[in-house]
Amino acid sequence: MLQAIAEELSGDLLGARLERISQTDAHTIVLFFPGAKKRKRALLMSTDPAHPRVHLTVDPPPSLPEAPTFCRALRKHLGGLRLTRAAAGEWERVLQFSFERGGGSGDSFALMAEVMGRWSNLVLLSGATGEILEARRFVPPGPHTPRPLERGGRYRLPPEQKKANPGDLTREAIQGMIHEADLSSAGREEFARWLVRSVAGVSPALARALARASGANEGWTGAADTLMSVVESYQKKEFSPAWLLGADGEPVSLSAARIPGVDAASYRAFDSMNEAADAFYGRLVKGSRLGERKKRVARTLRRAGERVRSSIEAVRRDLASAGEAEDVLRKGELLLAHLDEVEEKANAVSVSSESGPVEIALDPRFTPSENAQKYFRRYKKLKRRASTGLARLQEMEEEERFIGALAFDLETAEETEDLLGVEEALAQAGYAGRGREKKAKDARTKGRQAARARPYRRFVSPAGWEVVVGKNAMGNDEMLKSVGRAGDTWLHARGVPGSHVLLRRSGDGPPSEPDPETLAQAAAFAAYFSRGRTDSKLQVAYLPFSRLRKPKGRRPGQVLLGAHETILVDPDTGKRLCEEWEEVG
């Protein structure tokens, strides 16, 4: 695959001047070269242990706000130079990019991209001496270090793998290796693992494809012919860029050569290896990064939920103790009426009342009168708790529902823009700190400018009705502030987190009342875009948008629901309508 990529880069970039260099994360560098029609060509190099790669990309990630040391070194030495070589050594896991300054100055440099899993690295060298100028990762010398990498040291290629070199193999040699390994009864997975361990340049996905193509007949000896055909394609530079597809049709790996015997349905061909790699890693890395980011947001949500639940428990304890207020008042009054019966420094006193004797606890440090005043103060405190506790409990329960709604938004987030909405809502609610709140707002603004994505979706029915569906809490909030209008019908699944839905007549005509069928269809959207989507039936509340209220200080997307009506619908109908109705921008 590296050979195929290097071959294409030699044709595309040789002689091009390096215009700009950016670093997008701790592992990834992007080199920008001029292209046709003022469009720059971006060469991405990543030492990410999970996804090391080098390829042209049509969608480079955004740069870090401040360039790290390695990026600054590349800018210092390579900025404005021309690419004079892009090549992969024979059976090597290293790509070499050579740069020279024009005008006969003699300045030359080499950037070595070592694509070796968790040992991947980028190393900048002096072209004249081979001296290491900078590296993404240095390796200090030591008794167990086969190849140290130090600034100022001489560069050496990575040590050879303890595997057979495919270029030295013959069909007979491969058959002999298979026979020696006693693989006659091995299963497909076992044989594939043996190939990876034994032959250099064979990835797990390629090994599985070879095993699937050759079959276990005659103790896997047919694998020799299959492997040699791939080796011959490599040596002749006859590349066939493609994705290898799994049983579900999803890409599992990249392939630079067509493997004889593999079903055509197991491939998706591309015009270039760079294009195949860019599309493959674009899906893979995007999903991985989104997953990691979702985990971080989930941790913030979990901590926020724990805080709110702890507050609810504290308020409920206060309300429970507030029930003692009348008993406390009665004891204070009885004590005040029987001051002459209390002994000095007593811990308690028993006094008579209409309902019988009452035991009253005392603090021996205070006089009987002071003890009575303490009971009165305690009574007032409990009454205050009772008067504010219910309002506080209601506030905390609304906060718990808000966090539950954000948890649902997080579960259903499929794009970075969706996730930014959850992060911004958390920041606005004070769960991510002031600095993070600004960062979330800036990120959301930048994301919107890049993707031009709205935080809601719009569907239009064949009959000319429009349904607007919020994507998350921030989308729901924007619908309340700037999208909803008089004449709209507002809908939301009852009792579960979900999207706000607006129903209106499409176009600029006067508003009209929806017929029962259209109302049920809009309710199905509200049911489907809610946590109750797996239920067979779900109640959906609806009312005119003009009667909806959002009190000041409420969290994004929260409303006060007054008098309303409900309708029972099947959420699966909403799923079907998403496919049948036209989605508009």
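The structure we're discussing is the one just above.
Residues numbered from 1 in each chain as written. Predicted model: local features only at pLDDT ≥ 70, side-chain atom pairs only at ≥ 80, totals over all residues. Heavy atoms only, no water.

S.K.: Give me a positive patch on the surface: which residues, what numbers.
M.R.: A cluster of basic residues, Arg296, Arg299, Arg302 and Arg303, forms a positive patch at the surface. On the secondary structure map, Arg303 appears in helix α7 (residues 273-322). (Patch = residues over 30% accessible without salt bridge, like charges linked within 9 Å, V, L, I, M, F, W, Y side chains within 5 Å. Areas by Shrake-Rupley, 256 points an atom, 1.4 Å probe, with all protein chains shown as cover. Salt bridge = Lys/Arg side-chain N within 4 Å of Asp/Glu carboxyl O. Lys, Arg positive; Asp, Glu negative; His and termini not counted. Charge placed at Lys NZ, Arg CZ, Asp CG, Glu CD. Helix = DSSP H or I, 4+ residues; strand = E, 2+ residues; numbered from the N terminus.)

S.K.: Tell me about the environment of Gly464, and name the residues and values.
M.R.: Along the chain, Gly464 turns up in the loop between β15 (456-460) and β16 (465-470). For the pair Gly464 and Glu478, spaced 14 residues apart in sequence, the C-alpha to C-alpha distance is 23 Å. With residues up to four places along the chain from it excluded, the contact list for Gly464 reads Arg505 and Ser506. (Contact = heavy atoms within 4.5 Å.)

S.K.: Describe in detail the packing of aromatic side chains, supporting the description with residues and values.
M.R.: By convention here, two paired aromatic rings are described through the distance between centres and the angle between planes. One pass over the full model with this rule turns up eight aromatic pairs. Between Phe280 and Tyr281 the ring centres are 5.2 Å apart and the planes differ by 80°, which places this aromatic pair in the edge-to-face class. Tyr281 sits in the buried class, given a relative accessible area of 12%. With a centroid separation of 5.1 Å and an interplanar angle of 35°, the aromatic rings of Phe459 and Phe525 are classed as tilted. Here Phe525 lies in helix α13 (residues 516-528) and Phe459 lies in strand β15, a separation of 66 residues in the sequence. Phe525 matches Phe459 in its accessibility class, with the two residues each being buried. Each residue in the set Trp243, Phe270, Phe280 and Tyr281 is aromatic and connected to the rest through ring pairs, giving one cluster. The ring centre of Tyr528 lies 4.4 Å from the NZ or CZ of Arg533, which sits over that ring. (Phe/Tyr/Trp six-rings, centres within 6.5 Å; stacked < 30°, edge-to-face > 60°. Buried < 20%, exposed > 50% of the residue type's maximum accessible area, 1.4 Å probe, protein only. Lys NZ or Arg CZ within 6 Å of the ring centre and 35° of its normal.)

S.K.: Now, about the nonpolar core: what can you tell me, with residues and values included?
M.R.: Formed by 45 residues in total, the largest nonpolar core has its most connected members in Leu31, Phe33, Leu43, Phe97, Phe99 and Leu111. Here Phe33 is in contact with Leu13, Ala16, Arg17, Leu18, Lys40, Arg41, Leu43, Leu83 and Phe99, once residues within four sequence places are set aside. By size, the runner-up hydrophobic cluster in this structure holds 32 residues, among which are Phe191, Leu195, Val199 and Ala224. (Core = buried A, V, L, I, M, F, W, Y, C linked by side-chain atoms within 4.5 Å.)

S.K.: So what about the sheet that holds strand β12 (residues 267-269)? Which residues, and what values?
M.R.: In space, the three strands of this open sheet follow the order β11-β10-β12, with antiparallel pairing throughout. Pairing within the sheet leaves two strands with one partner each, and these edge strands are β11 (251-255) and β12. This sheet shows a mean twist of 25° between the axes of neighbouring strands, independent of strand direction. (Pairing = 2+ DSSP bridges. Axes fitted to C-alpha atoms, helices over the stretch in contact; angles between N-to-C directions.)

S.K.: Can you break down helix α9 (residues 368-412) residue by residue, with the values?
M.R.: Given a rise of 1.5 Å per residue, 45 residues ought to cover 66 Å, and the 64 Å separating the end C-alpha atoms of α9 matches this to within 8%. At Thr388, α9 shows its strongest bend, of approximately 35°. (Expected span 1.5 Å × (residues − 1). Bend = angle between axes of the 7 residues up to and from the residue.)

S.K.: A description of the side chain of Thr28 should follow, citing residues and the corresponding values.
M.R.: Tracing the sequence through the fold places Thr28 in strand β2 (residues 28-33). A polar side-chain atom of Thr28 sits 3.1 Å from a polar atom in the side chain of Ser46. When near neighbours in sequence (up to four residues on either side) are disregarded, Thr28 contacts Ser22, Gln23, Leu44, Met45, Ser46 and Arg289. (Polar contact = N/O pair within 3.5 Å; in protein donor to acceptor, adjacent residues only side chain to side chain.)

S.K.: Pulling in residues and values, what's your account of the pattern of salt bridges?
M.R.: Applying the stated criterion across every chain, the model contains 24 salt bridges. With its nearest N and O atoms 3.3 Å apart, the salt bridge here joins Glu19 to Lys40. In this pair, Glu19 is assigned in the loop between α1 (2-13) and β1 (20-23) and Lys40 in the loop between β2 and β3 (41-46), connecting sequence segments 21 residues apart. Arg576 is paired through a salt bridge with Glu580; the nearest N and O atoms lie 3.0 Å apart. Taken together, the residues Arg576 and Glu580, both in helix α14 (residues 571-580) and four residues apart, mark about one turn of the helix. Exposure remark for Arg576: the relative accessible area of 40% places this residue in the partly exposed category. Look at the salt bridges and you will find they share partners, linking Arg458, Glu466, Asp488 and Arg504 into a network.

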